[in-house]
Every structure is written in C-alpha cells, then in structure tokens.
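Listed below are the residues making up each chain.
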Amino acid sequence: MVRWLRENVYASYVLLVLRLYLGYEWLSAGFEKLTGGFDATGFLMGAVKKATGDHPAVQGWWAGFLQGFAIPNAGLFNVLIPIGETLVGLGLILGCLTTAAVFFGMVMNFAFMFSGTTSTNPQMVLLSIFVIVAGFNAGKIGLDRWVIPYIRQWAANTFKKEGARA
C-alpha cells in the first residue's frame, strides 16, 4: 500500500482528489477567519475549562500550555491560525510544498483535537495520513512537479559550494 501511494500514477490522481478536498476545507476555514475577524481567546479559555472532571476532554498538560502560553499570546494565535489555515489550503490545492502543507495541517488538527474539538479534525487527520505517506507523489499533479526538483538542485549546489569552502 505504501509503495502504491508513493509510486503509482493512479495513486497520484486519488491523492489529487484528497488534496483538493483537504485544501478546500483549510482554505475556506482560513479565508473565513481572515475576512470575518477571528479571536481565539474564547476558544482557548473554553478549552482550559474542559480540563476538569474524571474524564476531561482536554488533558492537564495541554491546558497548562494553553493557560501559560497560548492565552497570554492570543494575539499571536489570532494571526497565525488564519494565515496558517489559508497557506495550508493553498499549498494542498496547488500541490506546492504538499508534504510540508499537510504536515502543518496535521499539527493544527491535533492542536484543535487536544483542545477538545472534534468536528472534522479526525477525518482530516485520517485523510492527511495518506497524503503525507505518499510524499512527492501527492504533489506530482501540481506545482511540486517543478518546485521540488528545483529545491533539490538548489540545495545540492548550495551544499556542494559549502563543502568546497570547508
């Protein structure tokens, strides 16, 4: 299955459909936050409140992070979340830096789930696993077809020059 995802041309078409769906979900969520105003403070404070009881929806260690870092820096999160969601969506739709985009999307999905939100996050993580396992093949029908070889060539030339100087 992994080899098929990573190498098969038909898999790249299946991955394109997954990418477009995930990208649309991220882009629409991010765009809504960018244009409609967004304040994470209420969400963050609500997540901390879910860290009580015998079976809390939010674990104590995560609530500690939210209380000690996220809530005091809510202004930062008010900027990072909408921009991050929008960039992840664009990366997935365009197939540009696909592996990085899906990775950061998964990080956000897990952060939302750690905060006690279910919604579509588990479904998006599950679909994202296929995209991240596929690696380069997931973005082959997209800008990664040109971007990744360019980055590889640039990195090879850069490190070759650095090695010659040492």
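Conventions we followed
- Residues numbered from 1 in each chain as written.
- Predicted model: local features only at pLDDT ≥ 70, side-chain atom pairs only at ≥ 80, totals over all residues.
- Heavy atoms only, no water.
- Helix = DSSP H or I, 4+ residues; strand = E, 2+ residues; numbered from the N terminus.
- Buried < 20%, exposed > 50% of the residue type's maximum accessible area, 1.4 Å probe, protein only.
- Contact = heavy atoms within 4.5 Å.
- Phe/Tyr/Trp six-rings, centres within 6.5 Å; stacked < 30°, edge-to-face > 60°.
- Lys NZ or Arg CZ within 6 Å of the ring centre and 35° of its normal.
- Core = buried A, V, L, I, M, F, W, Y, C linked by side-chain atoms within 4.5 Å.
- Patch = residues over 30% accessible without salt bridge, like charges linked within 9 Å, V, L, I, M, F, W, Y side chains within 5 Å.
- Areas by Shrake-Rupley, 256 points an atom, 1.4 Å probe, with all protein chains shown as cover.
- Salt bridge = Lys/Arg side-chain N within 4 Å of Asp/Glu carboxyl O.

**Q** How do you make sense of the overall build of the protein when you look at a structure like this?
**A** Tallying secondary structure elements over the protein gives 8 helices and 0 strands in all. When the backbone C-alpha atoms are referred to their principal axes, the protein occupies close to 55 × 45 × 35 Å. Taken over 166 residues, the protein has a buried fraction of 34%. Once local pairs closer than 6 in sequence are excluded, the contacts in the protein between residues at least 24 apart make up 73%.

**Q** Would you mind going over the packing of aromatic side chains with me for this structure?
**A** Each aromatic ring pair is characterised by the separation of its centres together with the angle its planes make. All told, the structure shown has 8 aromatic pairs when counted by the stated rule. Between tryptophan 62 and phenylalanine 65 the ring centres are 5.0 Å apart and the planes differ by 40 degrees, which places this aromatic pair in the tilted class. With tryptophan 62 and phenylalanine 65 both in helix α4 (residues 60-70), this residue pair falls 3 residues apart, about one helical turn. Under the relative-accessibility criterion, phenylalanine 65 is labelled partly exposed at 32%. Taking relative accessible area as the criterion, tryptophan 62 reaches 12% and is therefore assigned buried. These aromatic residues form a ring-pair network of at least three members: Trp61, Trp62, Phe65, Phe69, Phe77, Phe110 and Phe114. The ring of phenylalanine 136 carries the charged tip of arginine 152 above its face, separated from the ring centre by 5.5 Å.

**Q** Honestly, the nonpolar core in this entry has me stumped. Any pointers?
**A** Note on soluble globular proteins: their nonpolar side chains tend to be buried together. Ranked by internal contacts, the top residues of the largest apolar core, which has 28 residues, are Leu15, Leu22, Trp26, Leu44, Leu66, Leu92 and Val131. Contributions of two or more residues to this core are made by α2 (9-36), α3 (41-49), α4, α5 (74-94), α6 (98-114) and α7 (121-134). Ranked by the residues each element gives to this core, the list is headed by α5, at 5 residues. Aside from chain neighbours lying at most four places away, what touches tryptophan 26 is Glu85, Thr86, Val88, Gly89, Leu92, Gly105, Met108, Asn109, Phe112 and Met124.

**Q** Honestly, unusual backbone geometry in this entry has me stumped. Any pointers?
**A** The phi torsion of most residues other than glycine is negative, and most of the peptide bonds are trans. The residue leucine 97 is not glycine, and still its phi comes out positive at about 55 degrees. One can find leucine 97 in the loop between α5 and α6. Overall, leucine 97 belongs to the partly exposed group, its relative accessible area being 38%. Positive phi is not limited to glycine here, since serine 119 has a value of about 45 degrees.

**Q** What is the right way to read a nonpolar patch on the surface from this model?
**A** A surface patch of nonpolar side chains, amounting to about 940 Å² of accessible area, comprises Met1, Trp4, Val9, Tyr10, Tyr13, Val14, Leu126, Ile129 and Phe130. Mapped by element, the contributors of at least two residues to the nonpolar patch are α2 and α7. With respect to the helices and strands, the residue leucine 126 is situated in helix α7.

**Q** Would you mind showing me how to read the environment of aspartate 54 here?
**A** With respect to the helices and strands, aspartate 54 occurs in the loop between α3 and α4. The sequence separation of aspartate 54 and serine 28 amounts to 26 residues, and the corresponding C-alpha distance is 36 Å.

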